[in-house]
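# Remarks on the overall topology
Spelled out, the chains give:
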Amino acid sequence: AEILGGGSASRLFKNLREKHAYTYGIYSSADTRRHAGATMIAGSTKAEVTGDAMKELLAELKGIRETAVTPSELNDAKNGIVLSLPAQFATAAGIASKVADEINFDLPEGYWNRHAAEVQAITAADVQRVAKRYFDPSQLTVVMVCDPKVVKPLLEGLPIGPVEVQAAQAPVNTTSSDKGAPRK
């Protein structure tokens, strides 16, 4: 997820923002869990370029699965992960979060002491192997908040499966028009 969309040096950012100017920002993150997790890609674009932006996003997913990452991409990603570690232990809440991770994921004793070295040992082949396993475009769920009359035709022909349109739900009114009256 770091190389795909972890920041301004990522493939999605360089392609969709810098090369095509489809978005101001696009990012990916991995939400790992003990038994399952999800990789999320989030960004925004103008309605009229949604189809083109999706084509590029799908091309990047395909590319990271089929082509080895460059040494520069790999180094940047590893450094980003390793250099962010000290900040994650800088507060009591951060330390508590890491201890919770040890318990939740049943991590071995000393895991965080070895983590930086383990990240630095990751190879381009490791990235490609994991991308092939977890970045499967056929398993992609796409959620868009948009005007379907404008965007739906732009998605035709893309390998994203059938497009289902859901009407926006009205927000729940949590304020009372009777000032000071108890809520029921």
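Since we're looking at a predicted model, the values are computed, not measured.

## Comments concerning the overall build of the protein chain
- In terms of helices and strands, the protein chain carries eight helices and two strands.
- Start at the N end of the protein chain and walk to the C end: the helices and strands fall as α-α-β-β-α-α-α-α-α-α.
- A compact globule built from 184 residues should have a C-alpha radius of gyration of about 16 Å, whereas the protein chain, at 21 Å, is more than 25% larger.
- Counting only C-alpha atoms and orienting by the principal axes, one finds that the protein chain spans roughly 55 × 50 × 30 Å.
- A burial count over the protein chain gives 26% of its 184 residues as buried.
- Taking all contacts inside the protein chain whose residues are at least 6 apart in sequence as the whole, residues at least 24 apart take part in 59%.
- Entry remark: accessible area of the protein chain is about 12800 Å², with carbon and sulfur atoms responsible for 55%.
- In the protein chain, 21 positive and 21 negative side-chain charges are present, and the distance between their average locations comes to 3 Å.

## Thoughts on unusual backbone geometry
- For Ala 21, which is not glycine, the phi dihedral falls at a positive 55 degrees.
- Among the secondary structure elements, Ala 21 is positioned in the loop between helix 2 (11–19) and strand 1 (26–31).
- Although it is not a glycine, Asp 106 adopts a positive phi angle of roughly 55 degrees.
- Residue placement: Asp 106 occurs in the loop between helix 5 (92–104) and helix 6 (111–120).

## A look at the nonpolar core
- Ile 3 and Ile 64 are the most contacted members of the largest nonpolar core, which has 22 residues in total.
- Ranked by the residues each element gives to this core, the list is headed by helix 3 (residues 50–66), at six residues.
- Residues within four places of Ile 64 in sequence aside, it is in contact with Ile 3, Leu 4, Arg 11, Val 69, Gln 128, Ala 131 and Phe 135.

## Considering helix 6
- Within the span of helix 6, buried status applies to Tyr 111, Trp 112, His 115 and Val 119. Relative to the axis of helix 6, the buried residues are bounded by an arc of 75 degrees and lie together on one face. Turned more than 90 degrees away from the buried face of helix 6, the exposed residues are Asn 113 and Ala 117.

## As for the pairing of strand 1
- Pairing of strand 1 with strand 2 (residues 38–43) involves six bridges; the strand directions are antiparallel. Each residue of the ladder has a partner; that of Ser 29, found in strand 2, is Met 40.
- In sequence, strand 1 turns back onto strand 2 through a hairpin of six residues.

## Overview of the packing of helix 3 against helix 7 (residues 124–134)
- The geometry of helix 3 relative to helix 7 is characterised by a closest axis approach of 7 Å and an angle of 130 degrees between their N-to-C directions. Taken together, the axes of helix 3 and helix 7 lie oblique to each other. Taken together, the residues of helix 7 that come into contact with helix 3 (itself represented by Ile 64, Arg 65 and Glu 66) are Gln 128, Ala 131 and Lys 132.
- Its residues assigned to classes, the contact of helix 3 with helix 7 comprises two nonpolar, one polar and three charged.

## Here we look at the packing of aromatic side chains
- Here the structure, examined in full by the defined rule, presents three aromatic pairs.
- Measuring from centroid to centroid gives 6.0 Å for Phe 13 and Tyr 27, while their planes differ by 40 degrees, and the two rings are tilted. Of this pair, Phe 13 sits in helix 2 while Tyr 27 sits in strand 1, and the two are 14 residues apart along the sequence.
- When its relative accessible area of 6% is taken as the criterion, Phe 13 is described as buried.
- With centroids separated by 6.0 Å and ring planes inclined at 70 degrees, the aromatic side chains of Phe 89 and Trp 112 adopt a geometry described as edge-to-face. With Phe 89 in the loop between helix 4 (71–88) and helix 5 and Trp 112 in helix 6, the pair connects residues that are 23 residues apart, well separated along the chain.
- You can call Phe 89 partly exposed: its relative accessible area is 32%.
- For the cation-ring pair, Arg 17 lies above Tyr 24, with the distance from its terminal atom to the ring centre recorded as 4.4 Å.

## Things to note about the side chain of Lys 78
- The topology assignment puts Lys 78 in helix 4.
- Setting aside residues no more than four positions away along its own chain, Lys 78 makes contact with Val 119, Gln 120 and Ile 122.

Rules of the game
- Residues numbered from 1 in each chain as written.
- Predicted model: local features only at pLDDT ≥ 70, side-chain atom pairs only at ≥ 80, totals over all residues.
- Heavy atoms only, no water.
- Helix = DSSP H or I, 4+ residues; strand = E, 2+ residues; numbered from the N terminus.
- Rg over C-alpha atoms; globule rule 2.2 N^0.38 Å.
- Buried < 20%, exposed > 50% of the residue type's maximum accessible area, 1.4 Å probe, protein only.
- Contact = heavy atoms within 4.5 Å.
- Areas by Shrake-Rupley, 256 points an atom, 1.4 Å probe, with all protein chains shown as cover.
- Lys, Arg positive; Asp, Glu negative; His and termini not counted.
- Charge placed at Lys NZ, Arg CZ, Asp CG, Glu CD.
- Core = buried A, V, L, I, M, F, W, Y, C linked by side-chain atoms within 4.5 Å.
- Arc of directions from axis to C-beta.
- Pairing = 2+ DSSP bridges.
- Axes fitted to C-alpha atoms, helices over the stretch in contact; angles between N-to-C directions.
- Parallel < 35°, antiparallel > 145°, perpendicular 65-115°, else oblique.
- Nonpolar A, V, L, I, M, F, W, Y, C, P; charged D, E, K, R; others polar.
- Phe/Tyr/Trp six-rings, centres within 6.5 Å; stacked < 30°, edge-to-face > 60°.
- Lys NZ or Arg CZ within 6 Å of the ring centre and 35° of its normal.

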